[in-house]
Amino acid sequence: MVAENKTKKDPVLVVVQLSGGNDFLNTVIPFTNGIYYDVRSYVGHKEGESLPFTDELAFHPNAEPFREIYNQGKMAIVQGIGYENSSRSHFRAMDIWHTCEPNAVATEGWLAKVIREIDPNSSNPLTAVSFGKGLPRALAAPGVIATSVDNLDNYGLMTSIEDNTQRMANLEVFSRMYTPADEWMGGRHESGVVMNYLANTGSGVLQGADMLKDVPSKYKSSVEYADNSIAKALRDVVRVHTAGLGTRVFYTQHGGYDHHAQEMPAHDRLMGELSQAIKDFMADLEEHNASEEIVVLVFSEFGRRMKDNGSGTDHGSGGGAFIIGDRVNGGLYSEYPSIDPSEWLNGEDLKHTFDYRGVYGTLLEQHLGLDPTEIVLGNFEQLSPFK
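Residues numbered from 1 in each chain as written. Predicted model: local features only at pLDDT ≥ 70, side-chain atom pairs only at ≥ 80, totals over all residues. Heavy atoms only, no water.

## Quick look at the overall build of the protein chain
Threshold: Put simply, DSSP H or I for four residues or longer makes a helix, DSSP E for two residues or longer makes a strand, and each gets a number counted from the N terminus. Throughout, exposure labels follow a simple rule: accessible area from a 1.4 Å probe, protein chains only, divided by the maximum for the residue type, with under 20% read as buried, over 50% as exposed, and the rest as partly exposed. Two residues form a contact once any of their heavy atoms are found within 4.5 Å. Using the Shrake-Rupley algorithm and a 1.4 Å probe, accessible areas are obtained, with residue cover drawn only from the displayed protein chains.
Each helix and strand counted, the protein chain has 11 helices and 12 strands in total. By the burial criterion, 57% of the 387 residues in the protein chain qualify as buried. Across the protein chain, the fraction of contacts at a sequence separation of at least 24, relative to all contacts at a separation of at least 6, is 74%. Split by element, the accessible area of the protein chain, about 15,400 Å² in all, is 47% carbon and sulfur.

## Details of empty space enclosed by the protein
Selection rule: Of the two site types, the cavity is a set of points on a 1 Å grid over the protein atoms alone where a 1.4 Å probe fits but cannot get out, and the pocket is an open set with protein on both sides within 12 Å along at least five of seven lines, each lined by residues with an atom within 4 Å of a point. Grid points are joined across faces, edges and corners, and a volume is the space filled by probe spheres set on the points. Put simply, Ala, Val, Leu, Ile, Met, Phe, Trp, Tyr, Cys and Pro go in the nonpolar bin, Asp, Glu, Lys and Arg in the charged bin, and everything else, Gly too, in the polar bin.
Within the structure shown, the criterion is met by 1 cavity of 30 Å³ or more. Space inside the largest cavity adds up to approximately 80 Å³. Lining the largest cavity are 15 residues, and of these Ile81, Phe302, Gly303, Ser317 and Gly319 lie nearest its centre. Counting only elements with at least two residues in the lining of the largest cavity, the list comes to strand 5 (75-82) and strand 10 (319-324). Class assignment for the residues of the lining of the largest cavity results in 5 nonpolar, 9 polar and 1 charged.

## Re the confidence of the model for the protein chain
As a reminder of what qualifies: Confidence of the prediction at every residue is given by pLDDT, a number between 0 and 100.
On average, residues of the protein chain score 87 in pLDDT, and 84% of them reach the 70 mark or higher. Segment residues 157-161 is flagged for pLDDT under 50; beyond a separation of four residues in sequence, or across chains, it makes 4 contacts in the model. Counting contacts from residues 177-191, a segment whose pLDDT is below 50, to residues more than four positions away or on other chains yields 24 contacts.

## Things to note about helix 9 (residues 263-287)
The cut-off we apply is this: Any helix carries an expected span of 1.5 Å times its number of residues minus one.
The end-to-end C-alpha distance of helix 9 is 36 Å, a good match for the 36 Å that 25 residues give at a rise of 1.5 Å each. The positive-phi residue at the C-terminal boundary of helix 9 is Asn289, with phi of around 55 degrees.

## Focus: the pairing of strand 9 (residues 294-300)
What counts here: Note on pairing: DSSP must find at least two bridges between two strands before they are called paired.
Counting buried residues in strand 9 gives 7 out of 7 residues, a clear majority hidden from the surface. Both faces of strand 9 are covered, namely the face carrying Ile294, Val296, Val298 and Ser300 and the face carrying Val295, Leu297 and Phe299. For strand 1 (residues 12-18) and strand 9, the ladder comprises 7 bridges, and the chain directions are parallel. Looking at strand 9, one finds that Gln17 is bridged to Phe299.

## Overview of the sheet that holds strand 3 (residues 51-52)
With antiparallel pairing, the 3 strands of this open sheet are ordered in space as 2-4-3. The open sheet terminates on both sides in strands that have one partner only, identified here as strand 2 (28-29) and strand 3. By the bridge criterion, 2 bridges tie strand 3 to strand 4 (residues 58-59) in an arrangement that is antiparallel. Counted as the bridge partner of Pro52 is Ala58 from strand 4.

## Overview of the side chain of Ser311
Relative to the elements of secondary structure, Ser311 occurs in the loop between strand 9 and strand 10. Setting aside residues no more than four positions away along its own chain, Ser311 makes contact with Tyr42, Val43, His260, Ala261, Gln262 and Glu263.

## Some thoughts on unusual backbone geometry
With phi around 60 degrees, Ser334 is a residue other than glycine that occupies positive phi space. Of note in this structure, Leu377 is not a glycine but carries a positive phi near 65 degrees.

Laid out in structure tokens, this is it:
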């Protein structure tokens, strides 16, 4: 049965993108399975290091805050998320996740379609807010306005000249993000994705930033966030959300997950940053009585290969995602991909067991109250992760 969102406040979705391809096998670890230790002699976490939360699965050693959230019943772990014929290209894979179109280059992001449904007349440029450089493709579509701000603290102190400089820099980043799409299509569109988008929305994609300048001065909290990018971004989400500006979609990014070499120190640091930032974020929302309407989606464009390469792991396929919030019915969803070598995809990858568009559909219909069919371009099996 599909759960109905019974919260009195408008539901809000917060997306956390783990850029680079998170190693799900080292995030949610099958710590009782000997194959894990056999194939990961370098990057595998030793027995006794990981943090068990079921009889068979454990979190990364640095992700104790994730175990706390899971034990509170507020985290749904979607195992084996992915899609058929998964791309190993960072750009193409992220593009597929952002547009729900695995077979062609699309011009509309899935969350841009959400914005259009929620605010069809573009009356509020803050319906969607992204924290980070450039505008994620998921939020981009001709005629749809979303606001992009790199750093809320710095932005509030900018002069008009600095303000305009950041706007142009963000548009330049956005342009560079889109250029490979046309290259991938053999140049047939002659940068049509970028030009079509800018022709319809121009710098209006950033106009809502002016409305955010006074937000930091109105925010007070006892929660002390760490000094890293994802912690700052999630703190900014709380600031804007509690300011009551009508934002329904927030987008944040945590980079650095492409661990072809030196995975152990890098992934260890990222897991600590991510899990603590989300724990602090949830505590901050609760302090402001603003948590019941929030649901967080944490995803990455693909997982990593089963075997390490002697220093890190290479691009893989099946991965995992997390759905977090007060109204989440915590637990394990879908099936953990088999790590038996006879079941590996192409002899080296985890097979996906649940289509990512079904996760989007779940969030759209059961949390935001929207029909997902046109947004995810089809009908996909959904989960039941809400109370």
